[in-house]
Amino acid sequence: MSLACQKNSYLKEFTSRVKSCTASKLVQTTGCKKTTVEGFDVILEDTILFPEGGGQPDDRGMINGVKVLSVVRRGADAVHFVEQPFEVGVEVSVVVDWDRRWDHMQQHSGQHLVTAVVSKEFGFETTSWNLGERLSFIELGTPEMNADQMKQAEKIVNEKIRAAGPVYPTLFETKDDPGLASVRTRGLPDDHVGSVRVVTIEGIETNMCCGTHVSNLSHLQAIKLLAVEKGKKGRVNLVFVVGDRVLSYLSVCYERETVFTSLLKYLIYILLLNLFQLNLVREMKIS
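Just so you know, these numbers come straight off a predicted model, no measurement behind them.

> How would you summarise the state of the cysteines if you had to cite specific residues and measurements?
For the structure shown, the criterion picks out zero disulfides. Sulfur of Cys-5: no disulfide; nearest cysteine sulfur belongs to Cys-210 and is 9.2 Å away.

> Before we move on, can you summarise the sheet that holds strand S12 (residues 205-208) with the specific residues and values?
Within the open sheet, the three strands sit side by side as S10-S11-S12. Their pairing is antiparallel. Bordering the open sheet on either side are strand S10 (167-172) and S12, each of which pairs with just one other strand. The mean angle between the axes of side-by-side strands here comes to 25 degrees, regardless of whether they run parallel or antiparallel. Pairing geometry for S10 and strand S11 (residues 196-201), over six bridges, is antiparallel.

> I'd love a proper account of the nonpolar core, names of residues and values included.
In this structure, Leu-113, Met-145 and Ile-223 are the most contacted members of the largest nonpolar core, which totals 51 residues. For this core, the element with the most residues is helix H2 (residues 98-122), which contributes eight residues. Not counting chain neighbours up to four residues away, the residues in contact with Ile-223 comprise Gly-110, Leu-113, Val-114, Glu-154, Val-157, Asn-158, Ile-161, Val-241 and Val-242. Ranked by size, the runner-up nonpolar core spans six residues in total, among them Val-183, Val-196, Val-198 and Met-208.

> Tell me about the sheet that holds strand S14 (residues 236-242), residues and numbers included.
In spatial order, the strands read S8-S9-S14-S13; together these four strands make up an open sheet with antiparallel pairing. In this open sheet, the two strands that pair with only one neighbour each are strand S8 (126-131) and strand S13 (223-230). Taking the axes of each pair of neighbouring strands and ignoring which way they run, one obtains an average angle of 20 degrees across the sheet. Here five bridges tie strand S9 (residues 136-140) to S14, and the two strands are oriented antiparallel to one another. If you follow Ser-136 over to S14, its bridge partner there is Phe-240.

The rules we used
- Residues numbered from 1 in each chain as written.
- Predicted model: local features only at pLDDT ≥ 70, side-chain atom pairs only at ≥ 80, totals over all residues.
- Heavy atoms only, no water.
- Disulfide = S-S within 2.5 Å.
- Pairing = 2+ DSSP bridges.
- Helix = DSSP H or I, 4+ residues; strand = E, 2+ residues; numbered from the N terminus.
- Axes fitted to C-alpha atoms, helices over the stretch in contact; angles between N-to-C directions.
- Core = buried A, V, L, I, M, F, W, Y, C linked by side-chain atoms within 4.5 Å.
- Buried < 20%, exposed > 50% of the residue type's maximum accessible area, 1.4 Å probe, protein only.
- Contact = heavy atoms within 4.5 Å.

Now the structure itself:
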């Protein structure tokens, strides 16, 4: 089964019905502190809220105005954790936190593009990736990626973005479909049920993936490859930001530069003042 959010990742509102609602608990971690929240696991007939998977965090949103604190996959179902119960069979309105969703779409599609380019250009295969709150990274199965390679990869991915190639999902009825033979994949979860979803960046790659994606590379806006850091077991992590995060990162860099420039000017002023006072004391002693 494919969820509504996987068929059309641009849906912001959706109407569904409650299939089940059972008492549950959610353990939330804030910093080093863990808290347990009493609530309910709600399964809908369909949903636009993506459950975590494929390296992508889960969505946030509302069901009839009630905050959804977590969405996880359980077999073919998406399980929504809320703090209020819903009657089984009732029709509900589902609204996605669009800012969070859009950010995840940009980062995830950007990861697919970077992965495809570094594989084709340098033979570096992606072994895993992490979508962080500010920065993301792709773990590459190579002990080294130099600055020239990173610069070349960045140039190519941004050329692909400007070329505005389409990105689209395809559903295969079973995991044994012969059409999946040429698809890049790291395998399916043990409890996978139903159809298999494949995401294609036209002319670039076809990859098995459950996540939400943009429909055109132009929606990524831009990709900035920030650094290559040492990873685990002889691998490296390629750190990157995509789309709106590029603008946010640039704003933060400019703000820091302004602060450091002001601080440097102040330190230079203090240094010159101290030198002037020192010279003045020397002249007084001489006279």
